[in-house]
Amino acid sequence: MLTAILLLAADWQSIKTGPFEVMSARDRKHAQTTLNHLEQVRWAFEQITGKKEPKTLWPVRIVVERSATSPELRLAQDSWTGVLNEKDEIPPAWNAQLTRILIDDNLGRMPSSIERGLIDVLSTAEVSGTHVILGQPPAQPTLDWARVHMLVTSDEYRGRVKVFIANLERGVDPDVAARNGLGKPLAEIEKEAKAHFEAKVVPTYDLAGKPLNASRDFYPRDIDPSAVQRLLKPQSDPDTAMGLLAAGKFQEASQRKPEWPEPWKALAKLESDPGKKAGYLKKACELSPRDSALWAEFALLMHSYNRFADADKAWASAEKAAGDPQAKREIQAKRTALIDARLDAEEAARREEKLAQERELQRLKNEATARVLAAEAKANAGRAPLPEGTKVEKWWDGPKPDTTIVGKLSRVDCLGSRLRLAVAVDGKIAQLLVPDPSKIVIDGGATASLACGVQRPARNVTVEYFGKADPKTGTVGEAAVIRF
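The residue numbering used here restarts from 1 in each chain and proceeds along that chain's sequence as written. With the structure being a predicted model, the display of local features is reserved for residues of pLDDT at least 70 and the display and counting of side-chain atom pairs for 80 or more, all residues being used for whole-chain, interface and lining totals. Side-chain measures here rest on the full set of heavy atoms in the structure, leaving out hydrogens and waters.

**Focus: empty space enclosed by the protein**
Where empty space is left in the structure can be found by rolling a water-sized probe over the atoms. Convention followed: Any residue with an atom within 4 Å of a point lines the site, the site being either a cavity, points on a 1 Å grid over the protein atoms alone where a 1.4 Å probe fits but cannot get out, or a pocket, an open set with protein on both sides within 12 Å along at least 5 of 7 lines. Grid points are joined across faces, edges and corners, and a volume is the space filled by probe spheres set on the points. The way it works is that DSSP assigns letters per residue, a run of H or I at least four long becomes a helix, a run of E at least two long becomes a strand, and they are numbered from the N terminus. Following the grouping adopted for this structure description, the nonpolar residues are Ala, Val, Leu, Ile, Met, Phe, Trp, Tyr, Cys and Pro, the charged ones are Asp, Glu, Lys and Arg, and the polar ones are all others, Gly among them.
Applying the stated rule across the entire model yields two cavities of 30 Å³ or more. For the largest cavity, the calculated volume is near 40 Å³. If you trace the largest cavity, you find it lined by Ile114, Leu118, Val148, Leu151, Val161, Phe164 and Ile165. Mapped onto the lining of the largest cavity, the elements with two or more residues apiece are α4 (112-123), α5 (143-153) and α6 (161-169). Here the residues of the lining of the largest cavity sort into seven nonpolar, no polar and no charged.

Rendered as structure tokens:
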């Protein structure tokens with residue numbers, strides 16, 4: 001209550017630059033120094049990564065007052081907010097958090113070791129006017145810190161590190177990225193990083209900062225003290241995007257902050273319509289390109305809808321967004337397992353369809369046989385049986401050719417009123433003449449089966465013919481009976 005009264009009683013001013021705003025009631029110079037520190041850390045991030053004018057999804061607002069400095073920046077009221085004591089400088093924890101925010105909002109996913117190292121290096125950045133001193137070790141130095149520290153402070157790599165990072169954040173293999181950006185294979189860089197980590201001397205580097213004059217370039221403006229009081233409330237107000245989300249008003253929240261992925265995630269969870277659900281989740285993924293788990297969720301959804309091309313693209317994005325080799329391998333394993341299961345299911349479906357077709361064909365054959373037997377039984381009804389030992393001769397009053405050929409009918413040539421059949425037998429072609437197509441006997445097919453041209457597909461055929469060779473047509477005989 002006392003803090004609220006003091007806030008309302010003071011004359012508050014605000015100064016801004018880029019995504020940063022500092023609010024103070026008493027010490028204008030300290031507020032300007034604080035804002036310069038934030039902007040110079042952002043400048044250092046830009047120089048190391050090569051990302052021009054990096055932005056943040058939410059503004060970063062610092063309230064300078066007599067309270068104790070916040071342990072971390074808090075996300076509420078549609079901004080990152082921290083309270084800084086009037087006598088304090090920006091703490092390393094804030095530098096680290098600000099670097100993480102800049103990485104998340106501006107870069108593609110890099111190996112976690114590189115991201116952690118970059119955060120550790122910038123966490124101890126010291127700002128003095130337009131100078132940024134890089135290189136002081138964090139409280140607990142690690143190999144990740146030493147790796148990036150070596151790249152940033154050494155004359156050999158300082159000018160190349162941004163190319164290395166640009167390769168990594170585009171998803172290039174780390175070894176290729178090292179060769180492209182640093183001129184050496186990754187194994188050699190790792191060896192040097194370990195030696196650098198074990199060395200006693202820790203060099204620093206004075207980075208030329210952004211050309212600013214804090215007292216001249218940062219102009220304060222008066223603000224209503226209630227705005228500061230509102231900013232420090234623990235819960236977001238209902239008219240903010242965060243407040244709307246907390247209240248379950250997801251559509252309104254997405255309209256208030258369209259580039260924020262959280263409302264789209266919430267909408268996707270509640271949506272039952274497949275098309276809308278996919279649209280919401282895809283939007284969330286596009287706004288969270290570094291969220292590997294979200295991409296994997298979208299891939300699974302596309303797989304369940306049988307949209308396999310979209311699923312494959314989502315899996316690729318999930319793998320790219322994974323920060324560690326183990327995470328990438330887990331995603332690859334999930335993707336492979338789903339693809340294998342899908343292919344197995346498709347193969348099982350094909351086998352079942354083939355079996356069903358075979359069962360239907362057998363059923364039709366059985367029905368045809370039954371009809372024939374029934375017709376025979378009906379025809380034989382009332383007839384006396386043949387005497388025992390009587391030989392039954394097959395009845396046939398058609399042509400009786402003297403030669404038979406078995407092969408595949410591959411082509412039918414039309415020669416005026418005659419036909420020429422090309423029958424493939426053991427890789428060779430035998431040609432047979434059909435002098436009068438109207439008199440040919442076709443068993444198991446129809447006259448239409450002898451349409452002129454290449455037969456697609458070639459069908460198994462047995463042709464009985466008279467051995468009358470005709471040199472003019474190149475035929476070895478005259479076909480009399482064709483059985484398919």
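Next comes the rest of the write-up.
**Looking at the layout of surface pockets**
One number sums up the size of the largest pocket: a volume of about 600 Å³. Along the walls of the largest pocket sit 24 residues, with Leu57, Asp104, Asp105, Pro261 and Leu287 positioned nearest its centre. Elements with a contribution of two residues or more to the lining of the largest pocket: α3 (92-106) and α13 (261-270). Of all the elements, α3 adds the most residues to the lining of the largest pocket, at five residues. Taken together, the residues of the lining of the largest pocket break down into 10 nonpolar, four polar and 10 charged. Considering only enclosed or pocket space, the second largest pocket measures out at about 430 Å³ in volume. Along the walls of the second largest pocket sit 24 residues, with Pro111, Leu168, Pro174, Gly323 and Lys328 positioned nearest its centre. Those elements that place two or more of their residues in the lining of the second largest pocket are α4, α6, α8 (186-198), α16 (308-321) and α17 (325-380).

**Some words on the confidence of the model for the protein chain**
The condition is simple: Per-residue confidence from the predictor is reported as pLDDT, which spans 0 to 100.
Averaged over every residue, the pLDDT of the protein chain is 90; residues scoring 70 or more account for 93%. Helix α1 (residues 2-9) is the least confidently modelled element of the protein chain, averaging 50 in pLDDT, while α3 averages 98, the highest of any element.

**Topic: the pattern of salt bridges**
Quick reminder of the rule: Within this document, salt bridges are pairs made up of a side-chain nitrogen of Lys or Arg and a carboxyl oxygen of Asp or Glu, the two lying within 4 Å of each other. Accessibility here uses a 1.4 Å probe with only protein chains present; expressed as a share of the type maximum, an area under 20% marks a residue as buried, one over 50% as exposed, and anything in between as partly exposed.
One pass over the structure, following the stated rule, counts 37 salt bridges. The salt bridge partner of Arg221 is Glu21, with a shortest N-O separation of 3.9 Å. With Arg221 in strand β9 (residues 221-223) and Glu21 in strand β2 (residues 20-24), the pair connects residues that are 200 residues apart, well separated along the chain. You can call Arg221 partly exposed: its relative accessible area is 40%. Residue classification places Glu21 among the buried positions, given a relative accessible area of 7%. Here Arg216 ties to Asp217 by a salt bridge, and the two come within 3.3 Å at their closest N and O atoms. You can call Asp217 partly exposed: its relative accessible area is 30%. Connected via shared salt-bridge partners are Arg100, Asp104, Arg109, Glu115 and Arg290.

**A closer look at the packing of aromatic side chains**
Note the cut-off: Working definition: a ring pair exists when centres of Phe, Tyr or Trp rings (six-membered ring for Trp) sit within 6.5 Å. Plane angles under 30 degrees give stacked, over 60 give edge-to-face, the rest tilted. Placement of a charge over a ring requires the Lys NZ or Arg CZ to be within 6 Å of the ring centre, with the centre-to-atom vector within 35 degrees of the ring normal.
Enumeration over the complete set of coordinates arrives at three aromatic pairs. Taking the centre distance of 6.1 Å and the plane angle of 40° together, the rings of Trp264 and Tyr280 count as tilted. A residue pair is termed long-range when its members are at least 10 positions apart, and Trp264 in helix α13 and Tyr280 in helix α14 (residues 274-287) qualify at 16 residues. A cation over an aromatic ring shows up here: Lys257 above the ring of Trp58, its NZ or CZ 4.7 Å from the ring centre.

**Some details on the pairing of strand β10 (residues 403-415)**
We apply this condition: The rule for pairing is simple: two strands pair if DSSP sees at least two bridges between them.
For β10 and strand β14 (residues 453-466), the ladder comprises nine bridges, and the chain directions are antiparallel. Looking across to β14, one finds that Ile405 is bridged to Val463. As judged from the seven bridges shared by β10 and strand β11 (residues 418-425), these two strands associate in the antiparallel manner. Looking at β11, one finds that Cys414 is bridged to Leu419. In this structure, the hairpin formed by β10 and β11 is closed by a connection of two residues, where Gly416 is found at a positive phi of approximately 70°.

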